[in-house]
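Residue-level structure breakdown
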Amino acid sequence: MDETYGRRPGLTVIIVGEDPASQVYVRNKEVNAIKVGLVSEVIRMPEQTTQEELLAVIDRLNADATVDGILVQLPVPKHIDKDAVIAAVAPDKDVDGFFGMKSGFTLKHGYVAPCTPRACIHLIKTTGETIEGKHALVVGRGELVGKPVATLLLNENATVTIAHSRTRNLGEIARTADIIIAAVGKPNIITGDMVKPGAVLIDVGINRGADGKLCGDINFSGAEPVAGWITPVPGGVGPMTIAMLIRNTLDCYLNHVRL
Ligand code: GUN
């Protein structure tokens, strides 16, 4: 890569405050970005950072031609307007894919897709199962995963159902699904009896179970014997999300160097 374009892809992550989970995520991103050879920078700012100070840092990074991707780790402290911060990142450096997903169920051309939804699609494709024409059930309607992953599944020509906390007869719907993406944040929302034999199960949930261990939204031990494919938690979607952040950084880089 160095030889071809004269510089390596650059990713800068900004973290404001001390949220312990965010610290772990950011460290993980940093370790993996360095491992694959990105120019990786983490800007750590104190909890009391003002919105103006944060926006000034983003402006500086927007203007820095060696920075291809900018990610502001969420959540930001309450006194900072998250939407203003997201909007301040240059669209061509938005490795979170927030810009690409702005207008309803459409991925805007030329923008990268959000990392976790992209990770889900990649995991499904690696099974070798086709997505086109299949019934894909997305459990959860969040802005970060549920809605964007439903959009990407539509783009792959799946028939998509979006279920949520008010959905009736989730089990009945789930049993007709060839693909289930669980992104609610509730352990055991999908149990073995709700799974169609051979289905592809992608578990986006990260929960702390009653036993204190990390677990997903899908009851793994119950669903695994029925499913064709199932991702574990931890170790499934999480690492793939980081891989997709790196992929998004590379895509932004290629857009920059090929201009
Ligand atoms: N914190 C938790 N998930 C995310 C994400 O997808 N993007 C950012 N920027 N912060 C997060």
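Just above sits the structure.
Described below are features of the structure shown in this document. Predicted, not measured: the structure shown is a model, and the values here were computed from it.

About the cut-offs
- Residues numbered from 1 in each chain as written.
- Predicted model: local features only at pLDDT ≥ 70, side-chain atom pairs only at ≥ 80, totals over all residues.
- Heavy atoms only, no water.
- Buried < 20%, exposed > 50% of the residue type's maximum accessible area, 1.4 Å probe, protein only.
- Helix = DSSP H or I, 4+ residues; strand = E, 2+ residues; numbered from the N terminus.
- Pairing = 2+ DSSP bridges.
- Patch = residues over 30% accessible without salt bridge, like charges linked within 9 Å, V, L, I, M, F, W, Y side chains within 5 Å.
- Areas by Shrake-Rupley, 256 points an atom, 1.4 Å probe, with all protein chains shown as cover.
- Salt bridge = Lys/Arg side-chain N within 4 Å of Asp/Glu carboxyl O.
- 1 Å grid on protein atoms, 1.4 Å probe; cavity = no way out; pocket = protein on both sides within 12 Å on 5 of 7 lines; lining within 4 Å.
- Points joined across faces, edges and corners; volume = space filled by probe spheres on them.
- Nonpolar A, V, L, I, M, F, W, Y, C, P; charged D, E, K, R; others polar.
- Core = buried A, V, L, I, M, F, W, Y, C linked by side-chain atoms within 4.5 Å.
- Near = heavy atom within 4 Å.
- Polar contact = N/O pair within 3.5 Å; in protein donor to acceptor, adjacent residues only side chain to side chain.
- Contact = heavy atoms within 4.5 Å.

Before going further, it helps to spend a moment on the pairing of strand β3 (residues 69-72). Burial along β3 is two-sided: the residues Gly-69 and Leu-71 and Ile-70 and Val-72 are all buried. Of the strand pairs in this sheet, strand β1 (residues 10-16) and β3 are connected by 4 bridges, and their pairing is parallel. For Thr-12, the partnering residue across the bridge sits in β3 and is Ile-70.

Nonpolar side chains collect at one region of the surface, where Tyr-25, Ile-206 and Leu-214 lie side by side and expose about 270 Å² of accessible area between them. Turning to its location among the elements, Ile-206 is positioned in the loop between β7 (200-203) and β8 (207-208).

Looking at the second largest pocket, its volume works out to about 160 Å³. What lines the second largest pocket is simply Pro-187, Asn-188, Asp-203, Cys-215, Gly-216, Ile-218, Asn-219, Phe-220, Pro-232 and Val-233. Looking at the lining of the second largest pocket residue by residue, the class counts come to 6 nonpolar, 3 polar and 1 charged.

This part is about the nonpolar core. If you look at the biggest cluster of nonpolar residues, it comprises 22 residues, and the most contacted ones within it are Ile-124, Ile-131, Leu-153, Ile-179, Ile-181, Ile-202 and Val-204. Within the residue set of this core, elements represented by two or more residues are α5 (115-126), β4 (135-139), α6 (146-155), β6 (179-182) and β7.

This next bit is on the site of the ligand. Near the ligand the following residues occur: Leu-71, Val-72, Gln-73, Leu-74 and Asp-96. For the ligand, a nitrogen atom lies 2.9 Å from a polar atom in the backbone of Leu-74. One of the side-chain nitrogen or oxygen atoms of Asp-96 is found 2.6 Å away from a nitrogen atom of the ligand. In terms of residue class, the shell around the ligand is made up of 3 nonpolar, 1 polar and 1 charged.

The subject of this paragraph is α6. Burial runs high along α6: 7 of the 10 residues are buried. On its buried face, α6 is in contact with α5, β4, β5 (159-163) and β6. Just downstream of α6, Asn-157 is the residue with a positive phi angle, here 70 degrees.

It is worth spelling out empty space enclosed by the protein at this point. Inspection of the entire model under this criterion finds 1 cavity of 30 Å³ or more. Of the voids in this model, the largest cavity is the one considered here, and its volume is about 70 Å³. Considering the residues around the largest cavity, the lining is formed by Ile-70, Leu-71, Val-72, Leu-74, Val-85, Ile-86, Val-89, Asp-94, Asp-96 and Phe-98. Among the secondary structure elements, those contributing two or more residues to the lining of the largest cavity are β3 and α4 (82-88). By residue number, the principal contributor to the lining of the largest cavity is β3, which donates 3 residues. Among the residues forming the lining of the largest cavity, the class breakdown is 8 nonpolar, no polar and 2 charged.

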